[in-house]
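Coordinate analysis (summary)
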Amino acid sequence: MPNRVVFSPTVPPSLPNNAGELYLSRLEAELGSLDTTYVVPRSPSNEAAASQVDGITVLLVEAPQDRSVRGRALNVLLNVRERGLPSRTEHGMRWAIRHDPRVVAALKSADVIDLQWPEIAGLASLLRRYLAETRIIATMHDIHSQKWSREARAATNVKDTTRFRLAWARSKRMERSIADHADTVIVFSDKDRSLLVGYAPVVVVRPPLAAGSEILQKRDVHPPYVLFVGPLHRAENADAMTYFTSHIWPTVRASIPDARLLIAGRKPSDEASPLFSKPGVELLGFVDDIDQLYSGARAVVAPLRLGAGLKFKVLDALVREVPLIGTQVALEGVESGSQSLEAFDSSTRFAAAVIEAFTTTAPPQTSTIDTNFVRQRYGLEQFSTQIRAIYGIESSSGETEPSPPEVSVVIPVRNGERQLPDQLEALACQREAPTFEVLIADNGSTDRTRSVALAYGHRFRDLRIVDAGQKPGVNYARNTGVQHARGDKVLICDHDDVVSARWVAALSTALDESDVVGGLSVPIWLDRNGGRVEDRSAAASLRDCLGYLPYALGANMGVRRATFLEAGGFDESFWGGHDEVEFSWRLQRMGATLTAVDDAELSYLQRSTVRGTYKQAYNSSRTRIQLWARYNAKADLSPVSYRGALDEMIRAVQASPQFLKPSTRLQAARSLGSAFGTASGHLKYRLLGAPPAAELASDHPPAEDNA
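Our subject in this report is the structure included herewith. (Residues numbered from 1 in each chain as written. Predicted model: local features only at pLDDT ≥ 70, side-chain atom pairs only at ≥ 80, totals over all residues. Heavy atoms only, no water.)

Time to look at the overall build of the chain. Broken down by element type, the chain carries 27 helices and 23 strands. Counting only residues that meet the buried cut, the chain has 54% of its 707 residues in that class. When contacts within the chain are restricted to residue pairs at least 6 apart in sequence, long-range pairs at least 24 apart make up 74% of them. Carbon and sulfur atoms provide 51% of the accessible area of the chain, an area that totals close to 31000 Å². (Helix = DSSP H or I, 4+ residues; strand = E, 2+ residues; numbered from the N terminus. Buried < 20%, exposed > 50% of the residue type's maximum accessible area, 1.4 Å probe, protein only. Contact = heavy atoms within 4.5 Å. Areas by Shrake-Rupley, 256 points an atom, 1.4 Å probe, with all protein chains shown as cover.)

The final tally for this structure, using the stated rule, is 35 salt bridges. We note a salt bridge from D422 to R193, for which the minimum N-O separation is 3.3 Å. One end of the pair, D422, is in helix α19 (residues 420-428); the other, R193, is in helix α10 (residues 190-194), with 229 residues separating them in the sequence. Taking the relative accessible area as the measure of exposure, R193 reaches 10% and is therefore buried. Among the salt bridges present, the one from R502 reaches D599, with a minimum N-O distance of 3.8 Å. Here R502 is found in the loop between β17 (498-499) and α22 (503-510), whereas its partner D599 is found in strand β23 (residues 594-605), with 97 residues between them in sequence. (Salt bridge = Lys/Arg side-chain N within 4 Å of Asp/Glu carboxyl O.)

Before going further, it helps to examine the sheet that holds strand β2 (residues 35-41). The strands making up a sheet are joined through hydrogen bonds of the backbone, oriented either antiparallel or parallel. Taken together, the seven strands give an open sheet; going across it, the order is β3-β2-β1-β4-β5-β6-β7, and neighbouring strands pair in parallel fashion. Edge strands, defined here as strands with exactly one partner in the open sheet, are β3 (56-61) and β7 (202-204). Averaged over all pairs of adjacent strands, the angle between their axes in this sheet comes to 20 degrees, without regard to strand direction. Here strand β1 (residues 3-7) runs beside β2; their pairing, made up of five bridges, is parallel. Bridge pairing in β2 links F7 to V39. Running at roughly 155 degrees to β7, helix α18 (residues 380-390) makes contact with β5 (135-139), β6 (184-187) and β7 of the sheet. (Pairing = 2+ DSSP bridges. Axes fitted to C-alpha atoms, helices over the stretch in contact; angles between N-to-C directions.)

Turning next to the pairing of strand β13 (residues 407-413). Most of β13 sits inside the fold, with seven of its seven residues counted as buried. Relative to strand β16 (residues 489-493), β13 is paired through four bridges, and the arrangement is parallel. Paired with V407 across the two strands is K489, which belongs to β16. Here β13 pairs with strand β14 (residues 437-442) via six bridges, running parallel. Opposite V409, over in β14, you have V438 as the bridge partner.

Okay, the packing of aromatic side chains next. Within the structure shown, the criterion is met by 13 aromatic pairs. The ring of Y642 has R686 lying over it, and the distance from NZ or CZ to the ring centre is 4.5 Å. (Phe/Tyr/Trp six-rings, centres within 6.5 Å; stacked < 30°, edge-to-face > 60°. Lys NZ or Arg CZ within 6 Å of the ring centre and 35° of its normal.)

Glancing now at the packing of helix α26 (residues 642-654) against helix α27 (residues 665-687). At a minimum axis separation of 8 Å, α26 and α27 run at an interaxial angle of 155 degrees. Considering their axes alone, α26 and α27 lie roughly antiparallel with respect to each other. Judged by the sense of rotation from one axis to the other, the crossing of α26 with α27 is left-handed. Only S671, L672, S674, A675, F676, T678, A679, H682, R686 and L687 of α27 make contact with α26, whose side of the interface consists of Y642, A645, E648, M649, A652 and V653. (Parallel < 35°, antiparallel > 145°, perpendicular 65-115°, else oblique. Left-handed = near helix turned anticlockwise from the far one by under 90°.)

Between H222 and P223 the backbone carries a cis peptide bond, its omega angle lying at -10 degrees. By the element assignment, P223 lies in the loop between β7 and β8 (225-229). Despite not being glycine, W117 shows a phi value in the positive range, around 80 degrees. Structurally, the position occupied by W117 is in the loop between β4 (112-116) and α6 (118-121). By relative accessible area, W117 is classed as buried at 13%. At H578, a residue that is not glycine, the phi angle is positive and equals roughly 65 degrees. Among the structural elements, H578 can be located in the loop between α23 (561-567) and α24 (579-589).

Quick look at the structure:
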């Protein structure tokens, strides 16, 4: 089993006091077989907890006090920075990584370094500097950049606004650094993952909050109460209760005079407690048996306006079928089944919902909760499967080698660490994900493509890295991937596109009746903010070229493996375009059937830079002439001419002033690339020579499977 070193602000407690501690306890229960060392800051609470944990080595660390003038000045600066820019990584941990012999020795023997919480995950860059090969897993309990963004919007003075904006900027830099240096980044919801789009590799692990919980037998308690759960020393919880007791609770009490609000969680300081000394409000502090409170509550309230991350208090209520009333901030990231939970963001609507909870037998949210879905989604089985795979714990079931899958998905990729996670996440969300295999045909990547891909291995029946780097080119990678596929049906997509929810099911079903199938490809452009803009008017499943047979896009295609191998696969002599046209034509001329599958939708990323647009248009136009020269003698193709190429060149040059305007720059690059590409094709494949000979998969044996 791997040796694991965990950097955390706290030791796993026997009685978790908050959501993060609860996750840590569940994680250690699952990873108990690993040889684990915790590195935590020295504090009274950690010293007490360290003596109570079993099976874990705890190293308490702190930076030595430097009593020199320079040292005292540095401490003052660090304290000022912490007040001004929150989320700073604990200074003692940075010192320990460099100088504490216990920590240095533990790191040298570590197979996995586990960083818990965003501020601790900031150590990833320092650890990577000393440990280039050791696997680093960073768990982002929430996304601090979102937290500070909300704090900045809620701030009421220039000082706080500036402070929180600086904290936001620092958090964004830290999140980028964590993704650059960690091998796996864990978040708790798809919402949090969406905040890290383009960062790699981000994996969603849903906490096992349903583990050990039961649907409670409701108790009729008088006077009736609603419940809030959360420690009030956290700013977002204190803000929520200040807002609730000031703007919502008076309206509720006016309608229900004996209504009570119970607050379970660590109490605030004495200075803050008067904020909550309102009629009917009871501060309970930490509660051992929270189920007793849940069973008697008319509803759980979550009036959160600040903070980030998945709210465990919300899921605690859902898995116990306790009615829930929350804001959009409280509900974000929560998956509740086929319907979305209703958010109550205005104080008037929130108060009305609370009053309804006191006065009716079917209070808000109960009709929209699919409890079975929630309990499965946040159950122990799914958590155990993911965590054991991520941390490298092999199954001990002793099962025999499974039979080959029916479907294989082949993804050719070269240096795709940024875009690949979006495609793998989309594939992992397919209902059929446990039944198909994924092959990453690595065409000589020099970035972290391999580790990014392997982080998703637990989401599929099988995920393998196939070495396709002996020859550059997407067609060589596709051919190599299909040669290694075990399924009778092979689906092909690119690493920088995103498949729809039914992509696998639609294409694989269509292959029952056809030899080759093409899905619906919707062009997508990235706007200036990184958002995706689609052009559905240009969407198509099958396309035409040179007035001859239809073809399927190579990035959205399914084919029977036997048919693929019989035809020899893609022609590797085509570079930059029209390879899928030639492949589709060749199969149809052999007698294979080609079918459009509109249900298999894929977002097809287009070039968004001038250079990329020009290069794409150039290669596409050049290979169009290569295709024409290859098939003109044996097929009835639309004519091409030297005169037409010259006219196109003149028009493109005349339109070159369009490069000066941002709105027409890409179109100008596309026109110029097309003109020069067409001219190059005529020169290379007609005037001075002929198309190169076909280079098929059958011409070379498959490379070794590098799984």
